[in-house]
Amino acid sequence: MKNIKNLRKEIAWMTYHSKEGHIPSAFSIIDIVAYLYEYVLKFDSKNPKWEDRDYFILSKGHGCAALYAVLKKHGFITQKDLEEKNTEFAKLATHPDRVKIPGVEASTGSLGTGIGMALGIALGLRILNKPSKVITLIGDGESNEGTIWETALLASNLKLGNLCVISDHNGSADKVLAVTNPEKKWDSFGWNVYSIDGHDSKQIKKTFDSINFKDDAKPNVIIAHTKKGKGIKAMEDNFGYWHSRVPTEEQLKEIYDELNKGEN
Amino acid sequence: MSSLRELFPQIITEVGLKDDKLIMLVSDISHFRFKPFFEKRPKQYYNVGICENTIVNMSTGLAALGFHVVVHTFTSFLLERSFEQIKLGFGYQKLGGNIIGIGSGVDYSCHGATHHCYGDFALMKAVDNSEIVFPVTEVEFRELFQQTYNDGKLTFFRIPQYSHDFVFNPEDIKFGKGIIIKEGKDVTIIVCGQPLKSVLNSVKELEKLDISPEIIYLHTIKPLDIVMISRSLQKTKKCLVVEEHSMYGGIFDDVLRFTRDLENIKYSFINFGGTFIHEYGTYEQHHKRFGFSSEGIIDKVMALGK
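Read on for an overview of the structure. (Residues numbered from 1 in each chain as written. Chains lettered and ligands numbered in written order. Predicted model: local features only at pLDDT ≥ 70, side-chain atom pairs only at ≥ 80, totals over all residues. Heavy atoms only, no water.)

## Description of the nonpolar core
As a reminder, the rule being used: To qualify as a nonpolar core, a set must consist of buried Ala, Val, Leu, Ile, Met, Phe, Trp, Tyr and Cys residues joined through side-chain atoms within 4.5 Å. Partly exposed describes any residue whose relative accessible area lies between the buried limit of under 20% and the exposed limit of over 50%, with all areas from a 1.4 Å probe on protein chains only and scaled to the type maximum. Here a strand is any run of E in DSSP of at least two residues, a helix any run of H or I of at least four, and the numbering for each starts at the N terminus. By definition in these notes, contact holds between two residues if any of their heavy atoms fall within 4.5 Å.
Grouped together as the largest cluster of nonpolar side chains are 126 residues, with contacts concentrated most on W186(A), I12(B), L25(B), F141(B), F145(B) and I251(B). Here this core takes nine residues from helix 6 (residues 114-127) of chain A, the largest share from any one element. In this structure W186(A) touches I115(A), I138(A), I148(A), W149(A), A152(A), V165(A), W191(A), V193(A), V221(A) and I223(A), once residues within four positions along its chain are discounted. Within the second largest apolar cluster, 52 residues are counted, among which are L58(A), L67(A), I77(A) and I222(A).

## Describing the interface of chain B and chain A
Applicable threshold: Values labelled buried area give the accessible surface lost by two parts on being combined, using a 1.4 Å probe and summing over both. We define a salt bridge as a side-chain nitrogen of Lys or Arg found within 4 Å of a carboxyl oxygen belonging to Asp or Glu. In protein, a polar contact requires one atom able to donate a hydrogen and another able to accept it; more generally it is a pair of N or O atoms within 3.5 Å, and residues adjacent in sequence count only if both atoms are side-chain atoms.
Chain B puts 23 residues into the contact, and the matching count from chain A is 26 residues. Carbon and sulfur atoms supply 68% of the area that chain B and chain A bury against each other, a total of about 2,100 Å² over both sides. Our enumeration of links across chain B and chain A arrives at zero salt bridges. Joining chain B to chain A, the criterion identifies six residue pairs in polar contact (both at pLDDT 80 or more).

## Points about a negative patch on the surface
Under the convention used in this document: A patch consists of residues exposed above 30% relative accessible area that lack any salt bridge, with like charges linked at up to 9 Å and nonpolar side chains (Val, Leu, Ile, Met, Phe, Trp, Tyr) linked at up to 5 Å. Residue exposure ignores everything except the shown protein chains as possible cover, and the areas themselves are Shrake-Rupley values with a 1.4 Å probe. Here Asp and Glu are counted as negative and Lys and Arg as positive; His is not counted, and neither are the chain ends. Note on charges: their place is set at NZ of Lys, CZ of Arg, CG of Asp or CD of Glu.
A contiguous patch of negative charge, built from E249(A), E250(A), E254(A) and E258(A), is present on the exposed surface. Mapped onto the secondary structure, E258(A) falls in helix 12 (residues 249-261).

## Focus on the sheet that holds strand 1 (residues 22-26) of chain B
All names here are of chain B. For the record, the criterion: A pair of strands is labelled paired if DSSP reports no fewer than 2 bridges between them. Every axis corresponds to a line fitted to the C-alpha atoms, with the helix fit spanning only the stretch in contact, and the corresponding angles, defined between N-to-C directions, vary from 0 to 180 degrees.
Ordered by their spatial adjacency, seven strands build an open sheet running 2-1-3-4-6-5-10, and the pairing between neighbours is mixed. One side of each edge strand has no neighbouring strand; the edge strands of this open sheet are strand 2 (45-47) and strand 10 (220-222). Ignoring which end each strand starts from, the neighbouring axes of this sheet average 20° apart. With two bridges connecting them, strand 5 (residues 130-133) and strand 10 associate as antiparallel partners. The partner of I132 across the bridge, within strand 10, is K222.

## Considerations on empty space enclosed by the protein
All names here are of chain A. This is how it is decided: Here the term cavity refers to a set of points on a 1 Å grid, laid over the protein atoms alone, in which a 1.4 Å probe fits but cannot get out; the term pocket refers to an open set having protein on both sides within 12 Å along at least five of seven lines, with lining residues being those that place an atom within 4 Å of a point. Grid points are joined across faces, edges and corners, and a volume is the space filled by probe spheres set on the points. Polar here means any residue other than Ala, Val, Leu, Ile, Met, Phe, Trp, Tyr, Cys and Pro, which are nonpolar, and Asp, Glu, Lys and Arg, which are charged; Gly is therefore polar.
Taken as a whole and judged by the stated rule, the model has five cavities of 30 Å³ or more. In this structure, the largest cavity encloses a volume near 100 Å³. In terms of lining, the largest cavity is formed by 14 residues, of which the most central are Y37, F43, D54, G103 and E105. Residue composition of the lining of the largest cavity, by class: seven nonpolar, two polar and five charged.

## Structural notes on the environment of V99(A)
For V99(A), the position within the fold is in the loop between helix 5 (79-83) and helix 6. Distance from V99(A) to E84(A), taken between C-alpha atoms, is 17 Å for residues 15 residues apart in sequence. Ignoring any residue separated from it by four or fewer positions in sequence, one finds V99(A) in contact with S107(A), Y92(B), Q93(B) and K94(B).

## Considerations on the environment of N3(A)
Residues and elements named next belong to chain A. Along the chain, N3 turns up in the segment before helix 1 (4-18). Under the relative-accessibility criterion, N3 is labelled partly exposed at 46%. Each C-alpha atom of the pair N3 and A34 lies 10.0 Å from the other, and the pair is 31 residues apart in sequence.

## Description of the packing of aromatic side chains
Residues and elements named next belong to chain B. For clarity, the threshold we go by: Two rings from Phe, Tyr or Trp (for Trp, the six-membered ring) form a pair when their centres sit within 6.5 Å of each other. Planes less than 30 degrees apart are called stacked, planes more than 60 degrees apart edge-to-face, and all others tilted.
Across all of its chains, the model carries 30 aromatic pairs over all chains by this definition. Seen from their ring centres, F145 and F157 are 5.6 Å apart, and the 50° between their planes marks the pair as tilted. With a gap of twelve residues between them, F145 in helix 7 (residues 138-148) and F157 in strand 6 (residues 154-159) connect regions that are remote in the sequence. An aromatic cluster of three or more residues is present, and its members are F8, F34, F38, Y45, F141, F145, Y149 and F157.

## Side note on helix 10 (residues 251-258) of chain B
All names here are of chain B. Stated precisely, the cut-off is as follows: Working note: the arc is built from the helix axis to C-beta atom directions.
All of the buried residues along helix 10 are I251, F252, D254 and V255. Viewed along the axis of helix 10, the buried residues span an arc of 165°, placing them on a single side of the element. The secondary structure elements touched by the buried residues of helix 10 are helix 6 (120-125), strand 8 (187-191), strand 10, helix 9 (226-236), strand 11 (238-242) and strand 12 (266-270).

## Some details on the packing of helix 1 of chain A against helix 3 (residues 30-40) of chain A
The axes of two packed helices give the description: the angle between them and the distance between them. All names here are of chain A. The test is simple: For a crossing to be left-handed, the near helix must be turned anticlockwise from the far one by less than a right angle; the clockwise case is right-handed.
Packing of helix 1 against helix 3 brings their axes to within 10 Å, and their N-to-C directions diverge by 115°. Seen along the crossing, helix 1 lies across helix 3 with a hand that is right-handed. For the pair helix 1 and helix 3, the contacting residues are I4, L7, R8 and I11 in the first and I30, D31 and A34 in the second. When grouped by side-chain class, the residues that make up the contact of helix 1 with helix 3 number five nonpolar, no polar and two charged.

## Regarding the pairing of strand 1 (residues 55-58) of chain A
Here is the key point about a regular strand: its side chains alternate between the two faces of the sheet. All names here are of chain A. A two-sided burial pattern is seen for strand 1, the buried positions comprising Y55 and I57 on one face and F56 and L58 on the other. Here strand 1 pairs with strand 2 (residues 134-139) via four bridges, running parallel. Its bridge partner lying in strand 2, F56 is registered against I135.

## A closer look at the sheet that holds strand 2 of chain A
All names here are of chain A. Spatial strand order, 1-2-3-5-4: five strands in an open sheet with parallel pairing. Edge positions in the open sheet fall to strand 1 and strand 4 (192-197), since each of these has one partner strand only. Within the sheet, the average angular offset between the axes of one strand and its neighbour, ignoring direction, is 20°. Relative to strand 3 (residues 163-169), strand 2 is paired through six bridges, and the arrangement is parallel. Within the sheet, the bridge partner assigned to G139 lies in strand 3 and is D168.

## Brief notes about the pattern of salt bridges
Side chains that differ in charge, positive against negative, can pair when their charged atoms come close. For the coordinates displayed, the defined rule picks out 29 salt bridges over all chains. The salt bridge involving D81(A) is made with K91(A); its shortest N-O contact spans 3.6 Å. Of this pair, D81(A) sits in helix 5 while K91(A) sits in the loop between helix 5 and helix 6, and the two are ten residues apart along the sequence. Among the residues examined, D81(A) registers a relative accessible area of 9% and is labelled buried. The residue D254(B) makes a salt bridge to K125(B) at a minimum N-O spacing of 2.9 Å. Within this pair, whereas D254(B) is found in helix 10, its partner K125(B) is found in helix 6, the two being separated by 129 residues in sequence. In terms of burial, D254(B) and K125(B) fall into one category: buried. Overlapping salt bridges, with partners in common, bring together E51(A), D52(A) and K130(A) in one network.

In structure tokens, the structure reads:
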């Protein structure tokens, strides 16, 4: 996909401007989130509650700057909304709120909860006999949470083939409670497993082209191997330092320069 | 007579057969009692297994699609283990649903405190958009469930094992409203749950002592019928709250808070205190130890003085 760097700039800018955010966590998922809204999800930004829409739940809610950048691109929210982020009566904040933001399906931020809500929506769509699909994005750190595995067990048991989990493995958990060999783990829970470079749009496309979101079948998980802070070397090399750091004005300029020089 | 614990699945089944938006989720409990519902409406009933956090998370997804979801298992695990999911999933996200918990108080008298719940009122009161209902008999549950299950709020139903045996008419049961079981002038006894039986058993003895108690029975804990309570306290000037709950955060705390501007009221309470219960035995033995017997109630009323 083209112009992902502009979305990365948007993420960096909104974090700088609002004085809070998680840039590296958003950078690791922006390629996938952008692709989803461009090519995979059915939605109507003029009617965010459209009954026949697909559902996307960002279970790793602290990566929401990526979602906000994409929602703005597709007309759910405005530049003004971004400018007001984190102010007293703003729509947008450091974690997303479904009550306030058009296009946001779940108020996440507490890791391990969005995925369960996604399961409930997938089941509900089956009961309603609707063909819409549900995609939820979790993190490897989030995969320390027991509810991830409860949901994995239950979704497989219920054969919710209309549910797809994208697991953003950006190395967050590696030094604390590493979730090693996620492909094998999810496979053992009875899921269809895909393993990709989460920044490679060709692999993202090939994977989504091959997934058949058919109900009453195995659910699908995409293990997306990514880099936390992708696009900025200092962040990739030291994402712990940058996890919730707000760039200074000078650092923001350096981020822009590096993104401009880099590939898409 | 069958307890409400045994009867409530039948009532939910009756409602669910008429409302295809009612979805019942259980955590591997009461499954056989819901068999008629499952057989007639397999798409409306799911036994998801023993995963309380996820049963709450998934129920919020169903609620978001407009279903009237009902989630059921032990109160201690559903409320206390999954409290964050309840708080955020329903409260913060402003979604409605129903939580049906069994095993509150010391209903499971020999199971140990892992299967008690003394703080359910306190927890659920703190959740935005919540209601708390404590029906004891079939008619109470039938009326209160139908009045609230699809009202867009999160309703917690505390389902007891033991009954007070008082017979209500269906038209007497109004969500949010207390019931004056007996009018009196000397002391207001506010009671919920099975202890109504002991309260009623104490009346004769109290009247022999020239004390005329007014008995207010509560099947709705939140919202509390503070109008009825305030009127009664203004008349009697003495208040005894009898509740199978911790001393922290129950009905007594709310009564104190909401009547703090009334003058010259004396207050007392009977509850489970503030620590875990390490004793076993029968439900009645637990009750006697904490003063829920008619003798205990009379003692507390006498201590309030004339």
